[in-house]
Amino acid sequence: MRFAAGVDVGSTQTKAVMMEESAGIVGRALVDTGANVSKAAENAFRVLCAETRVDPRDVGFVVGTGYGRYKIAFGNAQMTEISCHARGAHHVFPNTRTVIDMGGQDSKAIRIGAAGEVLDFVMNDKCAAGTGRFLANAADVLNIGLDEIGPMSLNATRPVKITTVCTVFVESDILSYLAQGKKAPDILGGVHQAIARRTISLARRISIDPAITITGGVARNIGMVKALEDVLNLPLQVSSDSHFTGAIGAALFALEKLDQSFETTTYVHSSH
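Residues numbered from 1 in each chain as written. Predicted model: local features only at pLDDT ≥ 70, side-chain atom pairs only at ≥ 80, totals over all residues. Heavy atoms only, no water.

Colleague: Describe the overall build of the protein, naming the residues involved and giving the relevant values.
Modeller: When helices and strands are counted, the protein shows eight helices and 10 strands. Dimensions along the principal axes, computed over C-alpha positions, put the protein at roughly 80 × 35 × 30 Å. Here the protein displays about 12700 Å² of accessible surface, and carbon together with sulfur accounts for 51% of that area. Measuring between centres, the 26 positive side-chain charges of the protein sit 5 Å from its 27 negative side-chain charges. (Helix = DSSP H or I, 4+ residues; strand = E, 2+ residues; numbered from the N terminus. Areas by Shrake-Rupley, 256 points an atom, 1.4 Å probe, with all protein chains shown as cover. Lys, Arg positive; Asp, Glu negative; His and termini not counted. Charge placed at Lys NZ, Arg CZ, Asp CG, Glu CD.)

Listed below in structure tokens is the structure:
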């Protein structure tokens, strides 16, 4: 049995996926990134190996991705998160043609081909609007748990109009609505709609081809998925592995590299 792993070091959380060449995904690990990126990658990999009961020395190739990919001391190679999310989304949903990735600190849209190759992409990494951080700020102001805001936004009857998608100014927008006696579900409905509109306007720069797959941590927010579907007037493909898409793509690339190195070694030995 030959194992390969992908480690996706995100701004908020670090994800790791173990793959075996014939069995596919055999394990996943998720840890908070925190301040020390290198340590987060090591922790995720250690948890992954413990969970899958695979000796780290038996993992033939590790590919790092995400914003902290160059800090992964034990990795064999690094790949951009654009390539890894494209590859991972195609693996989970082979009909994917557009990937909308919403992470902790950035969001991106990727147009991909039939084999999961990147055709075009656009990203918003200069501003936290339309990201997990924006949603976390809104949750903090309303004093509601981050995992509760999505379901609560679905109960909106009269969503408010959020005039800014700036993380800095949204706080005053929300406080002003609270002072007017607006209910939390209506405020959250407005917040989710504002992010959805901004994210889709970003994605439209590369032209959106169905089928559309959403990846990243924000994909776990059902209110966000619904808001995006409403703006697009199209369904989104969401997997229970959406959060791990980048790590899955990295693990697939690692398996490929393992095959290449295996073939090279075999060729070298057979030519002696």
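Colleague: Describe in detail the pattern of salt bridges, supporting the description with residues and values.
Modeller: Per the counting criterion, the structure on display carries 10 salt bridges. One salt bridge in this structure joins Arg 2 and Glu 21, with 2.7 Å as the shortest N-O distance. Here Arg 2 is found in the segment before strand 1 (3–9), whereas its partner Glu 21 is found in the loop between strand 2 (13–20) and strand 3 (24–32), with 19 residues between them in sequence. Classification of Glu 21 as partly exposed rests on a relative accessible area of 41%. (Salt bridge = Lys/Arg side-chain N within 4 Å of Asp/Glu carboxyl O. Buried < 20%, exposed > 50% of the residue type's maximum accessible area, 1.4 Å probe, protein only.)

Colleague: Lay out the sheet that holds strand 5 (residues 77–78) with the relevant residues and their values.
Modeller: Strand order in the open sheet formed by five strands is 3-2-1-4-5, and the pairing between neighbours is mixed. Each end of this open sheet is capped by a strand with a single partner; those strands are strand 3 and strand 5. Relative to strand 2, strand 1 is paired through seven bridges, and the arrangement is antiparallel. Its bridge partner lying in strand 2, Asp 8 is registered against Lys 15. On top of the sheet, helix 1 (residues 37–52) reaches strand 1, strand 2, strand 3 and strand 4 (59–66); it is set at about 140° to strand 3, its chief contact. (Pairing = 2+ DSSP bridges. Contact = heavy atoms within 4.5 Å. Axes fitted to C-alpha atoms, helices over the stretch in contact; angles between N-to-C directions.)

Colleague: Describe in detail unusual backbone geometry, supporting the description with residues and values.
Modeller: Most peptide bonds are trans, and most residues other than glycine sit at a negative phi. Residue Pro 210 is joined to Ala 211 through a cis peptide bond whose omega torsion reads 0°. Residue position: Ala 211 is located in the loop between helix 6 (184–203) and strand 9 (212–215). Positive phi, close to 55°, is recorded for Arg 53, a residue that is not glycine. Residue position: Arg 53 is located in the loop between helix 1 and strand 4. We classify Arg 53 as exposed; its relative accessible area is 80%. Non-glycine residue Ser 207 carries a positive phi angle of around 65°. Tracing the backbone shows Ser 207 in the loop between helix 6 and strand 9.

Colleague: Before we move on, could you go through helix 4 (residues 146–153) and cite the residues and values that matter?
Modeller: Taken together, the buried positions of helix 4 are occupied by Ile 149, Gly 150 and Ser 153. The buried residues of helix 4 occupy an angular sector of 95° when the element is viewed end-on, so they sit on one face. On the buried face of helix 4, the contacting elements are helix 3 (132–142), helix 6 and helix 7 (222–232). (Arc of directions from axis to C-beta.)

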